[in-house]
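Chain by chain, the residues run as shown.
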Amino acid sequence: MGQTLEESPKAPSATRERVFSGIQPSGASHLGNYLGAQVNYVALQDRYDAIYGIVDLHALTTIHDGDTLRSLTHDMVLDLLAVGLDPARCTLIRQSDIPEHAELCWLFDTVVPVSWLERTPTYKEKREQGVDNSNALLSYPVLQAADIVIYKATKVPVGKDQAPHLELSREIVRAFNHRYGPIFPEPQPVFTEAPVVIGTDGARKMSKSAGNTIPIFAAPDEIRRLVMSMVTDPLRIRRTDPGRPEVCNVCQLHRFFGDDFESIWDGERSARTGCVDTKKLLAERIIERFRPMRERREQLAAEPDYVEEVLRAGAEKVRPIVEATMAEVRAAVGTGPRRAAR
Ligand code: AMP
Ligand code: TRP
């Protein structure tokens, strides 16, 4: 029964399951973001009541200049609109426009043992990368849990790197519900066919901090340059050596840029084609795939007020949901005035 309601695009939002995901405005969207998460943001917007947040408060853990953060936030909204998020079918918000995310984070902080946060893999990684060891960096996944459950969202489209954060979100919900009663549902991640996209170095996860990205809106020549620089199968030294598509990241990416990837793989295995051919083809396919999105992004960027209008409408739309959740939460924890029983 729930199934039919959930699948129907016309179902009123109150009966549809809710999706939330957040993306940091920390730089240009790349193939990892797109294939690992944004593809699902777009796919889920018609089947669920989907809310997507540009999480500028999270980005403050690494970006310490106000003008830079504001302009990266604007750019990320453009990226999301260009890849296909439609403000008529989903809701886009800027996290800092909804201060209750931070309020709920604080309330969650009161139930979270520091040891849970210290052992979070992303916290350790970021410290190794030299990110300032602020209290906010430690509490980063707590704010993430608040982002999701303030909307009582149950489905969270993210890349595989976020799985530990979702696990922690569920633990936080259990701890909070245990103390105050069953207020929040436990959110689950939703992965794409490409939950971990490897970078141009052929070794590490594609990420801005690793400097191994292919930005999806880069100029065609830049995309060609980056694809040509990709590390392929390290054992394929001569053009005549057979390639191993399973370990070659260029071959792996071809899976997402055409139905004929099997024949491309066969060409590599038999050394009928060389890495250069396979890379050239991939670069052209990436450029073609993103060409209409790049054009749309340029059009949207030329409308100076559009982004702020989208964010203002988004903030207005989520207001009643946030007020309802926070009324319930404040009543349970004992903050704010006593409310008349309804
Ligand atoms: P970030 O740019 O780290 O804020 O990530 C935004 C979204 O993209 C998150 O859902 C990440 O899990 C996802 N993501 C980032 N990098 C990758 C990658 N290399 N492979 C798959 N998903 C990714
Ligand atoms: N931590 C996520 C990342 O780095 C961003 C994020 C913040 C998020 N809040 C979220 C993702 C809520 C999903 C749901 O990519």
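This one's a predicted model, so the numbers in the text were calculated from it and none came from an experiment.

## Focus on the overall build of the chain
Now for step 1: Along the backbone of the chain there are 14 helices and five strands.
Now for step 2: Its C-alpha atoms give the chain a radius of gyration of 22 Å, within 12% of the compact-globule value 20 Å for 342 residues.
Now for step 3: Each principal axis of the C-alpha distribution contributes one length, and for the chain these read about 80 × 50 × 45 Å.
Now for step 4: Residue burial in the chain is summarised as follows: out of 342 residues, 49% are buried.
Now for step 5: When contacts within the chain are restricted to residue pairs at least 6 apart in sequence, those whose partners lie at least 24 apart make up 75%.
Now for step 6: Carbon and sulfur atoms provide 53% of the accessible area of the chain, an area that totals close to 16,400 Å².
Now for step 7: Averaging the locations of the 44 positively and 48 negatively charged side chains of the chain gives two centres separated by 3 Å.

## What to know about the site of ligand 1
Now for step 1: Around ligand 1, the structure places 18 residues, and the nearest of them are Asn-33, Gly-159, Asp-161, Val-197 and Met-206.
Now for step 2: Contacts to ligand 1 include Gly-32, whose backbone N or O atom sits 3.3 Å from a nitrogen atom.
Now for step 3: Summarising the interface, the protein chains cover 91% of the accessible area of ligand 1, which totals 480 Å² for the free molecule.
Now for step 4: Here the shell around ligand 1 gets four residues from one element, more than from any other, and that element is helix α2 (residues 31–44).
Now for step 5: In the shell around ligand 1, the residues fall into eight nonpolar, seven polar and three charged.

## Quick look at the nonpolar core
Now for step 1: Within the largest apolar cluster, 40 residues are counted, with the highest numbers of intra-cluster contacts made by Leu-104, Phe-108, Tyr-151, Ile-172, Phe-184 and Val-329.
Now for step 2: Of all elements in the fold, only α5 (100–109), α6 (114–118), α8 (135–149), α9 (163–180) and α14 (306–333) reach the threshold of two or more residues within this core.
Now for step 3: Considering every element that reaches this core, the biggest residue donor is α8, with eight residues.
Now for step 4: Setting aside its immediate chain neighbours within four residues, Tyr-151 contacts Arg-18, Phe-20, Ile-51, Ile-93, Ile-98, His-101, Val-318, Ile-321 and Val-322.
Now for step 5: The next biggest cluster of nonpolar side chains, apart from the first, holds 29 residues, and it includes Ala-82, Ala-218, Leu-226 and Ile-286.

## A word on the site of ligand 2
Now for step 1: Neighbouring ligand 2 are 14 residues; Gly-22, Tyr-140, Gln-144, Asp-147 and Gln-162 lie closest to it.
Now for step 2: At a separation of 2.7 Å, a nitrogen atom of ligand 2 approaches a polar side-chain atom of Asp-147.
Now for step 3: Contact with the protein chains hides 89% of the accessible area of ligand 2, taken as 370 Å² for the molecule alone.
Now for step 4: Sorting the residues of the shell around ligand 2 by element identifies β1 (18–23) and α8 as the ones contributing at least two each.

## Describing the confidence of the model for the chain
Now for step 1: Averaged over the chain, the pLDDT score is 94; the fraction of residues at 70 or greater is 95%.
Now for step 2: Confidence over residues 1–12 falls short of pLDDT 50; this stretch has 11 contacts with residues more than four positions distant or in other chains.

## Regarding unusual backbone geometry
Now for step 1: Even without being a glycine, Lys-152 presents a positive backbone phi close to 50°.
Now for step 2: Here Lys-152 lies in the loop between α8 and β4 (155–157).

## Re the pairing of strand β3 (residues 91–94)
Now for step 1: The two faces of β3 match: Thr-91 and Ile-93 on one face and Leu-92 and Arg-94 on the other face are all buried.
Now for step 2: Of the strand pairs in this sheet, strand β2 (residues 49–54) and β3 are connected by four bridges, and their pairing is parallel. From the neighbouring strand, Ile-54 faces β3, where its bridge partner is Arg-94.

## A closer look at α8
Now for step 1: If you check α8, its first and last C-alpha atoms are 22 Å apart, about what 15 residues at 1.5 Å a residue would give, namely 21 Å.
Now for step 2: At Pro-141, α8 is bent by approximately 40°, the largest bend along its length.
Now for step 3: α8 sits mainly inside the fold: 13 of its 15 residues count as buried.

## A word on helix α10 (residues 220–228)
Because an α-helix completes one turn every 3.6 residues, residues spaced three or four positions apart along the sequence face the same direction.
Now for step 1: Those residues of α10 lying buried are Ile-223, Leu-226 and Val-227. Mapping the buried residues of α10 onto a view down its axis gives an arc of 95°, with all of them on the same face.

## Describing the pattern of salt bridges
Now for step 1: Taken as a whole, this structure holds 26 salt bridges when the rule is applied.
Now for step 2: Residue Lys-205 is joined to Asp-161 by a salt bridge in which the shortest nitrogen-to-oxygen separation is 3.6 Å. One end of the pair, Lys-205, is in the loop between β5 (188–190) and α10; the other, Asp-161, is in the loop between β4 and α9, with 44 residues separating them in the sequence.
Now for step 3: For Lys-205, a relative accessible area of 35% gives the class partly exposed.
Now for step 4: Measuring nitrogen to oxygen at the nearest pair gives 3.0 Å for the salt bridge that ties Arg-225 to Glu-222. Of this pair, Arg-225 and Glu-222 both sit in helix α10, three residues apart, which is roughly one turn of that helix.
Now for step 5: Classification of Glu-222 by relative accessible area gives partly exposed; the value is 30%.

Cut-offs used in this document
Position numbers for residues count from 1 along each chain, tracking the sequence in the order it is written. Lettering of chains starts at A and numbering of ligands starts at 1, both following the order in which they are written. This being a predicted model, a pLDDT of at least 70 is required before a residue's local features are given, and a value of 80 or more before pairs of side-chain atoms are given or counted; all residues contribute to the totals for chains, interfaces and linings. Excluded from the side-chain calculation are hydrogens and water; included are all heavy atoms of the structure. Every helix listed is a DSSP run of H or I at least four residues long, and every strand listed is a run of E at least two residues long, numbered separately from the N terminus. With the radius of gyration taken over C-alpha atoms, the globule rule is written as 2.2 Å times the number of residues to the power 0.38. Burial status follows relative accessibility: with a 1.4 Å probe on protein chains alone, a residue under 20% of its type maximum counts as buried, one over 50% as exposed, and anything between as partly exposed. Contacts are assigned to residue pairs with any non-hydrogen atoms lying within 4.5 Å of each other. To measure how exposed things are, a 1.4 Å probe is used in the Shrake-Rupley method; for residues, cover is taken only from the protein chains shown. His is not counted, nor are the chain ends; Lys and Arg add positive charge and Asp and Glu add negative charge. A single reference atom marks each charge: NZ on Lys, CZ on Arg, CG on Asp, CD on Glu. The cutoff for a nearby residue is simple: one of its non-hydrogen atoms must lie within 4 Å of the molecule or strand. We call two N or O atoms a polar contact when they sit within 3.5 Å, provided that within protein one can donate a hydrogen and the other can accept it, with sequence-adjacent residues counted only if both atoms are side-chain atoms. For this classification, the nonpolar set comprises Ala, Val, Leu, Ile, Met, Phe, Trp, Tyr, Cys and Pro, the charged set comprises Asp, Glu, Lys and Arg, and every other residue, Gly included, is treated as polar. Throughout this description, the term nonpolar core refers to a set of buried Ala, Val, Leu, Ile, Met, Phe, Trp, Tyr and Cys residues connected via side-chain atoms within 4.5 Å. For every residue, the predictor assigns a confidence score, pLDDT, that lies between 0 and 100. Here, a strand pair is defined by DSSP locating no fewer than two bridges between the strands. Expected span of a helix: the number of residues minus one, times 1.5 Å. By definition, a residue's bend is the angle between the axes fitted to the seven residues ending there and the seven starting there. As used here, the arc is the angular range of directions from the helix axis to the C-beta atoms. Only one rule defines a salt bridge in this text: a Lys or Arg side-chain nitrogen within 4 Å of an Asp or Glu carboxyl oxygen.

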